[in-house]
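# Tertiary structure, described
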Amino acid sequence: MEHTNKKALPAAGSTGFWLVALGAALWGIGPLFRIHLLDYMTSTQVVLIEHLLVCLVAVPILWINRSELKNLRLKHVFALLVISWGGSALATVIFTIALSSGDLNAVVLLQKMQPIFAILLARLILKETLPKRFVFFFIIAIVGTYLLTFGFTIPFGTNSEWIKIGSLLSLLAAALWGGSTVMGRLLLGQAQYKTVTSLRYVLALPLLLIMTWMEGASMNLPQAGADLASIGVNLLAQALLPGLLSLLLYYKGLSSTKASMATLAELSFPMMGVLVNWIAFGQLVTPAQLIGFVLIWTTLFIFARQQQQSSQQLVSRTT
């Protein structure tokens, strides 16, 4: 019993923690491929093709691990729909639209609200204890979010555009991904990380096919040459790096890492994203965005520290 408790409460420096960080960092390079693809196809089409490519690997994995599907109950099926339809399909499409609708750094950095949503949902669904003074630090995170979105200005301009659509879409994607994290943690008790990752992509396909059909848009692809080859390379890279590989690493790490510690590891996502935006797209972080990011980072760090201390106290009481 002693060994089980220690394993269930991994330390911050464990392998699982760094696997989550590496997987999240790979999400940050997504704009490097998606921005280019949006010149030729819609957000929904990009995500659909990405899922089709990943399914070439996911379907064989599901066949090999098909015996694990017998252990799934109704709540697990619901969780699968949340992570596949909400996290894999809708959130990815929404985030891709956000990338073309707002400031790239704001869109990427606002994803740091995702752990806040995850902590709230973990409290409601998994009955996890909320960090101390949660309401106070949640307000601090909201202030940081405001700075990321509007800077030091009041959002009432002459053109009445006081809500930036890219930022709002990024927040919606963060909420969906936060819910997917909680549901993924629930599923990892019933299936291997490879099975959960594969199910996430396969089950999202029907919804993406319907969304693409309803959209009715045609692709604006070049006939041949270097441009067409570039599209193929970007699609493949998007599917394999910030797509399949990132989620395999993430779910592998999450299977042995508390959700609260995973939120700290996920800070590698906006850090990598801002680095990509700076190097590839020439977008620098403004002072207001930097302050907002620090406020959110500080909030998450305090949450993670409190959860780690709580876990250590539980281990000491059971040994």
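In the nomenclature of an unreviewed UniProt entry, the protein is known as DMT family transporter of Paenibacillus urinalis. The UniProt entry for the protein carries the following text under Sequence similarities (unreviewed entry): "Belongs to the EamA transporter family." The heading Subcellular location (unreviewed entry) in the UniProt record of the protein holds the text "Cell membrane".

### Let's talk about the environment of Leu 147
Note on placement: Leu 147 falls in helix α8 (residues 134-150). Residues Leu 147 and Ile 291, 144 residues apart in the sequence, show an inter-C-alpha distance of 7.3 Å. Setting aside chain neighbours within four positions, we find Leu 147 in contact with Phe 152, Ala 288, Gln 289, Ile 291, Gly 292 and Leu 295.

### Concerning the packing of helix α5 (residues 74-99) against helix α10 (residues 193-215)
Two elements in contact, α5 and α10, have axes separated by 8 Å at closest approach and are oriented at 60 degrees. By the criterion of interaxial angle, the relationship of α5 to α10 is oblique. α5 and α10 meet at a crossing whose hand is right-handed. Contacts between α5 and α10 involve Leu 80, Ile 83, Ser 84, Trp 85, Gly 87, Ser 88, Ala 89, Leu 90 and Val 93 from the former and Val 196, Leu 199, Arg 200, Tyr 201, Leu 203, Ala 204, Leu 207, Leu 208 and Met 211 from the latter. Here the contact of α5 with α10 is composed, by residue class, of 14 nonpolar, three polar and one charged.

### Description of empty space enclosed by the protein
Rolled over the atoms, a probe sized like a water molecule indicates the empty space that remains. What the rule picks out here adds up to three cavities of 30 Å³ or more. In this structure, the largest cavity spans a volume of roughly 340 Å³. Looking at the largest cavity, it is lined by 23 residues, and the ones nearest its centre are Trp 27, Thr 92, Trp 177, Arg 200 and Pro 242. Secondary structure elements with two or more residues in the lining of the largest cavity: α3 (30-37), α4 (43-64), α5, α9 (165-187), α10 and α11 (226-254). When the residues that make up the lining of the largest cavity are grouped by side-chain class, the tally is nine nonpolar, 11 polar and three charged.

Analysis parameters
- Residues numbered from 1 in each chain as written.
- Predicted model: local features only at pLDDT ≥ 70, side-chain atom pairs only at ≥ 80, totals over all residues.
- Heavy atoms only, no water.
- UniProt positions renumbered as here; feature names shortened; annotations may be inferred.
- Helix = DSSP H or I, 4+ residues; strand = E, 2+ residues; numbered from the N terminus.
- Contact = heavy atoms within 4.5 Å.
- Axes fitted to C-alpha atoms, helices over the stretch in contact; angles between N-to-C directions.
- Parallel < 35°, antiparallel > 145°, perpendicular 65-115°, else oblique.
- Left-handed = near helix turned anticlockwise from the far one by under 90°.
- Nonpolar A, V, L, I, M, F, W, Y, C, P; charged D, E, K, R; others polar.
- 1 Å grid on protein atoms, 1.4 Å probe; cavity = no way out; pocket = protein on both sides within 12 Å on 5 of 7 lines; lining within 4 Å.
- Points joined across faces, edges and corners; volume = space filled by probe spheres on them.

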